[in-house]
Amino acid sequence: MIQRLVLSQRWRLAGILPAAIRCASSGSVEIQVPLNFWSGERIRIEAACTEPVYEPATGRVLCHLESCGAVEVNQALKNAQSAYSHWSKMSGMERARVMIEAAHIIESRREEIAEMEVVNNGKSITEARLDVDSARLCIEYYAGMASTLAGQHVQLPGSSFAYTRREPLGVCVGIGAWNYPFQIAAWKSAPALACGNSMVFKPSPVTPVTAVMLAEVYAKAGAPEGLFNVVQGGQETGTLLCHHPIVAKVSFTGSVATGQKIMEMASRGVKPVTLELGGKSPLIIFEDCDLDNAVKGALMANFLSQGQVCSNGTRVFVQSQVLPQFLKQVVERTNAIKIGDPLLENTRMGALVNRPHLNRVLGYVEQAKKEGAIVLCGGVPFVPSDPRLRDGYYMTPCVLGNCSDDMTCVREEIFGPVMSVLSFETEEEALRRANDSTMGLAAGVFTSDVKRAHRVVEQLKAGSCFINNYNITPVEVPFGGFKMSGIGRENGQVTIEHYTQLKSVYVEMGDVDSLF
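Since the model is a prediction, treat every value here as computed from it, not as a measurement.

Rules used throughout
Residues numbered from 1 in each chain as written. Predicted model: local features only at pLDDT ≥ 70, side-chain atom pairs only at ≥ 80, totals over all residues. Heavy atoms only, no water. Pairing = 2+ DSSP bridges. Helix = DSSP H or I, 4+ residues; strand = E, 2+ residues; numbered from the N terminus. Axes fitted to C-alpha atoms, helices over the stretch in contact; angles between N-to-C directions. Core = buried A, V, L, I, M, F, W, Y, C linked by side-chain atoms within 4.5 Å. Buried < 20%, exposed > 50% of the residue type's maximum accessible area, 1.4 Å probe, protein only. Contact = heavy atoms within 4.5 Å. Phe/Tyr/Trp six-rings, centres within 6.5 Å; stacked < 30°, edge-to-face > 60°.

Undergrad: How would you summarise the sheet that holds strand 12 (residues 282-285) if you had to cite specific residues and measurements?
TA: Read across the open sheet, the seven strands follow the order 14-15-16-13-12-18-19; overall the sheet is mixed. Two strands lie at the open edges of the sheet, namely strand 14 (374-377) and strand 19 (464-467), each paired on one side alone. Averaged over all pairs of adjacent strands, the angle between their axes in this sheet comes to 25 degrees, without regard to strand direction. Pairing geometry for strand 14 and strand 15 (residues 398-401), over three bridges, is antiparallel. Across the sheet, the residue bridging to Ile374 is Gly401, located in strand 15.

In structure tokens:
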């Protein structure tokens, strides 16, 4: 997901100048500082055991994760509760000043944060910079909204009246995914903090490095101690957070299966949840489209972040009249994608997040071949020539042809660089097949017929739809899914409603009219 891919002068310079002052290089980073954060500082804990965290580009151990247990989770939550009591009493303008300062700090540390994101996640430095930009823009956007939170005045008979107050929830929990570690931490924390809440954030144990950098940013910007805390760990730590009585809300990004478990745990405390879950999104390409744009859109819909994007349009429906031309162009462009060291400026596809996930994605390609799909390009392990990278988790981006709706590669979320191409004849057929999924996170359509574009989008059962583009996620626009792809929204004005509760106040200006 990207804010936008506009090659402005600022972006061009940002892409060129930092390379000369690059601090990190693949295989050179060792992280020994603590990755948990509360009480305004990084915290080292006496964990019973630690888990290795790997650098995707090289396969080497990057650091060891100290998971939080019940004691540490309780400490972090109590620290957040203390911060909430102060932060929630501040005016929106006061909160906005802290958030704007945080955004300025992120901008000044853009390259440093992006590099650490690459080292821990494996995506290209080009994409990582855009992710950091999206995080900064999100914080700026909600800083602007912090002072606009207001209720409603309702005039009633006899000079009496009522009003509503939009109040914060309290201590919120954010649980992040490994594909956009820093960006997701910002997307969850920014609206929460703008509304007067505090947050305890648990990153994925696969990518624990950059969330704590955001915690340091907030602290340096002047946030009260404990406003944004980071606890590391896996399923056990997440369970402790969801069940804890201090927690007022849980926001989760990840798989459908885990989201279901979190919703069940939160329901025991009647806690509201925001769930941004998986997708198997359709991209419909009509014969009257600008084919060059459609090909570029299909690449953006499938190969950002090595295909590890929940909103990816991995079911690419192409009208039969333009299918041969589409396949020719998309295969040519896919074969030209530069794979390799994600910290190099010319790399466009880095490494998948870890070895088990790489093997899982490659397994989907093998299963597709068994079921009758044709591999038009890619779908095999890739070994870079640089000896430092030979144990990294690379594969060639894959385009599958001759796909049908009942194939595993078409029905299940692969979460890797695998595009499944399907042919269709009519608009009605494309819509019926596109909506034939239990998930509904995103969808897209390429056509030059504006009436058709809006007609098709109206009938697509998906929360985020794109016309003649794909995977563009401005922070001003709500993002979220239909069906099993989630509940609630992130970004946009509507998210304020997910981090506040409404209080109604009745004011009597006369005498009580009693029935007794």
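Undergrad: I'd like to hear about the nonpolar core, residue by residue, with values.
TA: Counting residues in each nonpolar core, the largest one holds 78 residues, and the members touching the most others are Met99, Ile106, Ile139, Tyr142, Leu214, Tyr218 and Phe228. By residue number, the principal contributor to this core is helix 5 (residues 125-146), which donates 11 residues. With residues up to four places along the chain from it excluded, the contact list for Tyr218 reads Ala102, Ile139, Ser189, Ala190, Leu193, Ala223 and Phe228. Formed by 32 residues, the second largest nonpolar core is a distinct cluster that contains Ala301, Ala351, Met419 and Phe466.

Undergrad: So, the side chain of Asn229: which residues are in play, and what are the values?
TA: Structurally, the position occupied by Asn229 is in strand 9 (residues 228-230). Discounting residues that sit within four places of it in the chain, Asn229 has contacts with Phe37, Trp38, Ser39, Ala76, Asn79, Ala80, Met199, Val200 and Phe201.

Undergrad: A description of the pairing of strand 3 (residues 50-54) should follow, citing residues and the corresponding values.
TA: Relative to strand 4 (residues 61-66), strand 3 runs antiparallel, the two being bridged by five bridges. Looking at the pairing, Pro52 lines up with His64 of strand 4. Between strand 3 and strand 4, which pair antiparallel and follow one another directly, the connecting turn spans six residues, one of which, Gly59, has a positive phi of 80 degrees.

Undergrad: Break down the packing of aromatic side chains for me, with residues and values.
TA: Within this structure, the stated rule accounts for seven aromatic pairs. Plain terms: the ring middles of Phe466 and Tyr470 are 4.7 Å apart, the flat faces sit at 45 degrees to each other, and that makes the pair tilted. Exposure class is identical for Phe466 and Tyr470. Each is buried. Ring pairs connect the aromatic residues Phe201, Tyr218 and Phe228, which therefore count as one cluster.

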